[in-house]
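Listed here are the chains, written in short residue letters.
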Amino acid sequence: MSVCAGGFGGNIGHDPHLLYTLSAIQVLALFDKIEVLDIEKVSNYIAGLQNEDGSFSGDMWGEVDTRFSYIAICSLALLHQLDKINVEKAVKYILSCQNLDGGFGCTPGAESHAGQIFCCVGALAITGSLHHVDEDLLGWWLCERQVKSGGLNGRPEKLPDVCYSWWVLSSLIMIDRVHWIDKEKLVKFILDCQDKENGGISDRPDDAVDVFHTYFGVAGLSLLEYPGLKAIDPAYALPVDVINRIFLGN
Amino acid sequence: MNQTSGTTVAISLITSGFILPRKGVLSSCQIQITEVGEGRKRYRKMHGISRKTPSQDEQEASDLKAAELRDLQSQFLHLHHNKIYTKEALETSAKLLVVNPEHYTGWNYRKLAVQHFLDHQSETEVDSESIQLVLNEELRVVENALKKNFKSYGAWYHRKWVLSKGHSSMDKELRLLGKFQKLDSRNFHAWNYRRFITMLKKISDEEELQYTTDMIFDNFSNYSAWHNRSVLLSHLFEKRGKGHSHKESILEEEFEFVRNALFTDPDDQSGWFYHLWLLDQMVKLEPLLLSSWPPHGCCLYLSVDDYIGCGNLFPRIHFQSKDRMFPIVLYFSEAVEGVNSSTVTIEYEYYSNDDVIWRPLSANRFGCAQAWLTYLNFPDEVHFLKDSPVKVVVAQFPGIVSTNGVSFSQTSYIEFSLCVPSHDREHTEGQTIPRILWKNEKFHPHITESHDASLLNPLHQLKITEEGKSKSSDWSMKTIANEIAHCRDLLSSTNCKIGKLTLARLLMAQSKLISYCIPNDGVKVHYEEILGLYHDLMELDPVHICYYEDEHSLVLLKQVTLSMESILRYCHQYGDSISPSMDSHFCLRLNDLSLSRIGNVERLLWIQMLDLSHNKIRSIEGLEALQLLSCLNLSNNKICSFAALDPLRMLKSLKVLDISYNEIGAHSVDTRRYLCSFPMTHAVKNDWNFEEFANVGVDLTNHWDAFFIFRGLNLIQLDILGNAVVSDQLKQLLFKLMPSLNWFDGENRN
């Protein structure tokens, strides 16, 4: 799916974009096949999307969002090519999206949202910059996402959704505040979202299942140390043994 | 379920947030490509769709739709790759985008078409009318797409892109926004777009502030509106600069404004979060120097003996140092950066200030920390010193800044004198080092003698050159007292969890102000009440019990360290005899207090022996400031990984460590991994050295984190049993890393 530019598209024939470039790298990392990439080309594509202020555009059309900061940083870290970008500026831009409630939005001034928080906290974790995060303030905002049913929502006064079992949970783990939620209740919520007849997990109990929420449910359960599941790294969203292999080189 | 393939496919979806229609789904999972109706809950294909097995007819209809969509897509891709931008081609793309607004290549294509048209235009003549028509068409397509999914990133961005070409009236955009915000007042795409438009069209912050007021009056539970309000007010505060009184009157108005929301619906969180922000705005104090070691006014006796610590009988403090060095620790009220030899000057006969290097004591070692450390020494030729003065001046100088950006402005200094006795004890080589036994019978309560009352109380000893406390602290005290009263009022009629939490926070903020500001009108801090509130909250909101336990721990430590009398109640003498002697070790025993974390240690910098066993401690962040610590007991706690011990690497005096009966190795998840400088965090000053790895000669695959933590420690006693991670391999590694280890799990290694 690689296009001449060095980036990947979502499917054959689709335009390149940062989103799918990360996915391609993650999939190859899973199978220990990163060597099939032209690492120089891919890294240059990613690095070329960094803007003056440190932010990243998703593609040549210029949409800026902290999601893309995470993607660029995560991709390049997995390829050991982080020095191709200006990490200091990238971190500075992410911090400019930090809000007064401790969370992060997609652009400066945007409301805190669990998905964006995962992206920003993940990027800061990967670049060793978590000391900029007020762990207590953000941790409290995040743990308040757990509602009575035990599920997690993405913002105050919204409905719980299994996908937040990844975004909120991984963020809490990275800043060591996961003990501030009731893990057992969350496990029960995720298990309640299964379709016990046909398999798969949905966003809420009794809704239609899909691959997306199935992944987040399983990943969430792994983070909650549910028995029988492989450990997953909260920053890179890849199994811990894959991350250890890539960074410890054993 | 085939997990690997599931993860493969699903990972590619994490950040995209949507599914591209594709062939081949997991056998155990059905994707329902159902018709999505209008309305909030059904905005996307994957949320809020009820689960039901489709009938034969429904399945067939669904398959047909999918086939049609695939056809449309391949048609579109053909046009895109061949750069065909005819009217019909554009209609095809519009059709595709209405069905699937997430087809980002479709939006790219339309941008290319517009650019193609504009380039073609500039070749002939500039026909502004036809340009307008083309751009209007784009806006129309966006609107249709948004009707399908008003949370489509691609659609909103396309609109922004079109507007950047200089088109569309502000009224039109605001009307469109109004429509969407009515449908869903929390739609962050709409709010972001609103901020984009107001910036583009230069709408004033004051006008926007009024808009948020209207939205809030319409519905108090509008977190997005409150958030926007806080952003606008922050801008206004910045713009108006240093004028305190104006900010104060605005904050007073805001407190009143939010009070309406809180009293109307105390269980809605939005107002409470905003209230917390207001509180934070109010208590933004300057960073202060809270304490130091050596403490101000003491006489520091240095000796090169081997014995481990002894009693501190102020103003005489004994410190043993084989290498003739002693530390100086500065402890601030919050994390600061910029402590160096220009901002802190040391006047001392035997050391030049220019050679002084200050290090931040923080787990991340990134140039900001609450505690800062340096070492001074006295030269080899000097065998006797009597009352050699040392003065440390922490100056008012642009340089020391808190992480909030507030500058340190209170010049403070610490003065103490240094003594080196001419007769040292016999330096006994090869003496068997006794094992420290943390048993109750070895500890004897400290007998408070009259002179101990004036023991280290650094806060009061610190001389501060008075510049006068700022007037705003008076206003802050008054306002906090006011808010406390209102909060109590609310809680008298409703048992609201977040109201109770706010009251606890207000009381703690009040105590902070009291301890930092000298005038306090005799207001006393009742830590018992705050502790009681947290107990109530543990019952009221058991889901978040560990959060309340953590807060409770911090308040408890504040209470324990309130005065020297209260600290001494927890102090014991370690040894076989009861009478205090030069040889007896002074130990602070904080066991069985349900402590889950450490903090507020500014009055404990002198501690050499600390017993924290039988608590619930998960994190020891905060201990790094206790630079004199040589014996530490963390047994029977909840330490879950070696990474959690990272702060110990900064304690160069640590000799005796007990981490038995914890949970190291019992968890598949390491929650401290990203808070240390491990290889997967690309910390700038990463001192990870792979060659060392190879030289150890032990297989490190399973214990690379233990390697990283223990290679910096030089323990003589370690207890580690009762942790799932313990194995022969680990023991081998530990013995190799710490050759001086004498006692291991109770056994003498010699």
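From a predicted model like this one, the values you see are computed outputs, not experimental measurements.

Engineer: Looking at this model, I keep getting lost on the UniProt feature "domain: Prenyltransferase alpha-alpha toroid" (unreviewed entry) in chain A. Mind explaining?
Structural biologist: Following the UniProt record, one finds the feature "domain: Prenyltransferase alpha-alpha toroid" (unreviewed entry) at residues 5-237 of chain A. Taken end to end, residues 5-237 of chain A has its terminal C-alpha atoms 26 Å apart, with 43% of it in helix and 0% in strand.

Engineer: What am I meant to see in the pattern of salt bridges here?
Structural biologist: A side chain with one charge may pair with a side chain of the opposite charge, provided their charged atoms come close. All told, the structure shown has 34 salt bridges over all chains when counted by the stated rule. Across the pair Asp233 of chain A and Arg673 of chain B runs a salt bridge, and its minimum N-O distance is 3.3 Å. Here Arg673 of chain B lies in the loop between strand S17 (656-658) and helix H19 (690-695) and Asp233 of chain A lies in the loop between helix H9 (211-223) and helix H10 (240-248), a pairing that spans two chains. Neither residue differs from the other here; Asp233 of chain A and Arg673 of chain B are each classed as buried. The salt bridge involving Glu621 of chain B is made with Arg672 of chain B; its shortest N-O contact spans 2.5 Å.

Engineer: Would you take a moment to explain the nonpolar core for this structure?
Structural biologist: Nonpolar side chains in soluble globular proteins tend to be buried together. Membership of the largest hydrophobic core comes to 247 residues, with the highest contact counts inside it found for Tyr236 of chain A together with Phe710 of chain B. For this core, the element with the highest residue contribution is helix H5 (residues 114-126) of chain A, accounting for ten residues. Here Phe710 of chain B is in contact with Phe642, Ile659, Leu715, Leu718, Leu734, Leu737 and Met738 of chain B, once residues within four sequence places are set aside. Judged by nonpolar contacts, the second largest core, of 25 residues, contains Val114, Val141, Leu177 and Ile197 of chain B.

Engineer: Which parts of the structure should I look at to understand the packing of helix H5 (residues 128-148) of chain B against helix H6 (residues 153-163) of chain B?
Structural biologist: Angle between the axes and distance between the axes: these two values describe a pair of packed helices. All names here are of chain B. Two numbers describe how H5 lies on H6: the axes approach to 9 Å, and their chain directions differ by 160°. Classed by the angle they form, the pair H5 and H6 counts as roughly antiparallel. Handedness of the crossing formed by H5 with H6: left-handed. Residues Leu135, Glu138, Leu139, Val142, Glu143, Ala145 and Leu146 of H5 touch H6, and the partners they reach there are Ala155, Trp156, His158, Arg159, Val162 and Leu163. In terms of residue class, the contact of H5 with H6 is made up of nine nonpolar, one polar and three charged.

Calculation criteria
- Residues numbered from 1 in each chain as written.
- Chains lettered and ligands numbered in written order.
- Predicted model: local features only at pLDDT ≥ 70, side-chain atom pairs only at ≥ 80, totals over all residues.
- Heavy atoms only, no water.
- UniProt positions renumbered as here; feature names shortened; annotations may be inferred.
- Helix = DSSP H or I, 4+ residues; strand = E, 2+ residues; numbered from the N terminus.
- Salt bridge = Lys/Arg side-chain N within 4 Å of Asp/Glu carboxyl O.
- Buried < 20%, exposed > 50% of the residue type's maximum accessible area, 1.4 Å probe, protein only.
- Core = buried A, V, L, I, M, F, W, Y, C linked by side-chain atoms within 4.5 Å.
- Contact = heavy atoms within 4.5 Å.
- Axes fitted to C-alpha atoms, helices over the stretch in contact; angles between N-to-C directions.
- Parallel < 35°, antiparallel > 145°, perpendicular 65-115°, else oblique.
- Left-handed = near helix turned anticlockwise from the far one by under 90°.
- Nonpolar A, V, L, I, M, F, W, Y, C, P; charged D, E, K, R; others polar.

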